[in-house]
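A structural walkthrough
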Amino acid sequence: MTGDDLKIAYSPCPNDTFVFDALAHGRVPGAPGFDVTFADIDLTNGMAERGEFDVLKVSYAVLPYVLDEYALLPCGGALGRGCGPLVLTREGGEDGGASDAAGGGVLTGRTVAVPSERSTAYLLFRLWAAERVPGGVGEIVVMPFHEIMPAVRDGKVDAGLVIHEARFTYRDYGLHKLADMGEHWESTTGLPIPLGAIIAKRSLGTRTLTRLADSIRTSVRAAWDAPEVSRPYVMEHAQEMDPSVADQHIGLYVNEFTADLGEDGYAAVRGLLTRAAAEGLLPPLGPDALDFP
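The sections below set out a description of the structure shown in this document. (Residues numbered from 1 in each chain as written. Predicted model: local features only at pLDDT ≥ 70, side-chain atom pairs only at ≥ 80, totals over all residues. Heavy atoms only, no water.)

1. Here's the deal with the overall build of the chain
Operational definition: For helices the rule is a DSSP run of H or I covering at least 4 residues; for strands it is a run of E covering at least 2, with both sets numbered from the N terminus onward. Restricting the calculation to C-alpha atoms gives the radius of gyration, and the globule rule supplies 2.2 Å times the number of residues raised to the power 0.38. Note on classification: 1.4 Å probe, protein chains only; a residue is buried when its accessible area is under 20% of the maximum for its type, exposed when over 50%, partly exposed between these limits. Only heavy atoms enter the contact rule, under which two residues are in contact if any of them lie within 4.5 Å. Charge assignment: positive for Lys and Arg, negative for Asp and Glu; neither His nor the chain ends contribute. Charged side chains are reduced to one point each, which is NZ for Lys, CZ for Arg, CG for Asp and CD for Glu.
Assigned secondary structure in the chain consists of 13 helices and 11 strands. The C-alpha atoms of the chain give a radius of gyration of 19 Å, which matches the 19 Å a tight globule of 293 residues would have. Viewed in the frame of its principal axes, the chain has a C-alpha envelope of about 55 × 45 × 30 Å. With 293 residues in all, the chain has 56% of them scored as buried. By sequence separation, contacts in the chain at least 24 residues apart represent 82% of the contacts at least 6 residues apart. If the 24 positive side-chain charges of the chain are averaged to one point and the 41 negative ones to another, these points end up 2 Å apart.

2. Some thoughts on the pattern of salt bridges
Quick note on the threshold: Here, a salt bridge means any Lys or Arg side-chain nitrogen found within 4 Å of an Asp or Glu carboxyl oxygen.
Across all of its chains, the model carries 12 salt bridges by this definition. When the shortest N-O distance is used, the salt bridge between Asp154 and Arg153 registers 2.9 Å. For Arg153, a relative accessible area of 40% corresponds to the partly exposed category. Notably, a salt bridge pairs Lys177 with Glu183, separated by 4.0 Å at the nearest N-O pair. Classification of Glu183 as partly exposed rests on a relative accessible area of 45%.

3. Observations regarding the packing of aromatic side chains
Note the threshold: Note on aromatic pairs: the rings of Phe, Tyr and Trp (six-membered ring only in Trp) are paired at centre separations within 6.5 Å, and the planes decide the class, stacked below 30 degrees, edge-to-face beyond 60, tilted for the rest. Placement of a charge over a ring requires the Lys NZ or Arg CZ to be within 6 Å of the ring centre, with the centre-to-atom vector within 35 degrees of the ring normal.
Throughout the structure, instances matching the rule amount to 5 aromatic pairs. Ring geometry for Tyr10 against Phe38: centres 5.5 Å apart, planes inclined by 85°, an arrangement best described as edge-to-face. Here Tyr10 is found in strand S1 (residues 6–10), whereas its partner Phe38 is found in strand S2 (residues 34–38), with 28 residues between them in sequence. By relative accessible area, which is 1% here, Tyr10 ends up buried. Relative to Tyr233, the ring of Phe38 has its centre 6.2 Å away and its plane inclined at 55°; by these criteria the two rings are tilted. Remark: Tyr233 occurs in helix H10 (residues 227–236) and Phe38 occurs in strand S2; sequence separation between them is 195 residues. Joined through ring pairs, the aromatic side chains of Tyr10, Phe20, Phe38 and Tyr233 make up one cluster. Taking NZ or CZ as reference, Lys7 lies 4.8 Å from the ring centre of Phe53, over its face. Seen from the ring of Tyr65, Arg118 lies directly overhead, with NZ or CZ sitting 3.8 Å from the centre.

4. Some thoughts on the packing of H10 against helix H11 (residues 243–253)
The following threshold applies: A fitted line through C-alpha atoms serves as each axis, taken over the contacting stretch for helices, and the angle formed by two N-to-C directions is quoted from 0 to 180°. The labels follow the angle: roughly parallel below 35 degrees, roughly antiparallel above 145, roughly perpendicular from 65 to 115, and oblique for the rest. Three categories are distinguished: nonpolar for Ala, Val, Leu, Ile, Met, Phe, Trp, Tyr, Cys and Pro, charged for Asp, Glu, Lys and Arg, and polar for the others, with Gly belonging to the last.
Direction vectors running N to C along H10 and H11 enclose 105°, while the axes themselves pass 11 Å from each other. Taken together, H10 and H11 sit at an angle that is classed as roughly perpendicular. On H11, the residues touching Arg231, Val234 and Met235 of H10 are Pro243, Ala246, Asp247 and Ile250. Grouping the amino acids of the contact of H10 with H11 by side-chain chemistry returns 5 nonpolar, no polar and 2 charged.

5. A short note on the pairing of strand S3 (residues 55–59)
Here is the key point about a regular strand: its side chains alternate between the two faces of the sheet. Going by this rule: At least two bridges found by DSSP between two strands are what make those strands a pair.
In terms of burial, S3 is largely enclosed, as 5 of its 5 residues are buried. Where S1 meets S3, 2 bridges bridge the pair, whose relative direction is parallel. When the sheet's bridge partners are listed, Ala9 is paired in S3 with Leu56.

Bear in mind that shape data such as this cannot, by itself, settle questions of function.
Written out as structure tokens, the structure reads:
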């Protein structure tokens, strides 16, 4: 670490540690140095809004609040298909008869736990609920995502919006899937699901931002080429996660959009933020806000 290292913050989740392993350990030739801080995405969203850190992993939902100071990088983030947040309940859902199409009404006036009100998961939930929950949900309770499934199981809340590896483990809590926010998004737009973005300060300058994006792509490809090399770093920070669940997590969230957003990726991001602005959930984006230098 030197005084010239870029300050970067990302989550300890397997997809982020997998993506950034080579960069964090100086195995990408010509890459800038990094001073790494681990923080869950609800914290990094706040860091971005306060202008802290040079590079951050944030929710796409926070972009309209930070793009004056930060640029969206065209790689390193989390988009995909079949990887959206889930709404879980103790009853109903896939095993009990309620469905996305018919069961949203069970949440009318109910208490729902969410991981953050500035998360992409919450934005997708709000867009779904606007169509599927007549009268709207009741109280929204924000809590750390690892506390949500126990809270639903124990009856502290009526439903929970879950992310990450909860897709693979919710049945262990005796819970049921009421709706899949990603399925709703994909069926109504045909686009991949935008979840987490990598942003960097515009003040770093075009040359450094381009070098940074190239370095992240190289780090992603290095992890794909030799996944066993990243395994110690991934499992060190995986919070006692079962290795098979960590592998599923990486397989779901690290994909072609991580290496390059591409046309469909940018369309998904623009579509999400435009829809959310139309619903009054976010301020509108400027026409060039997503352009990469």
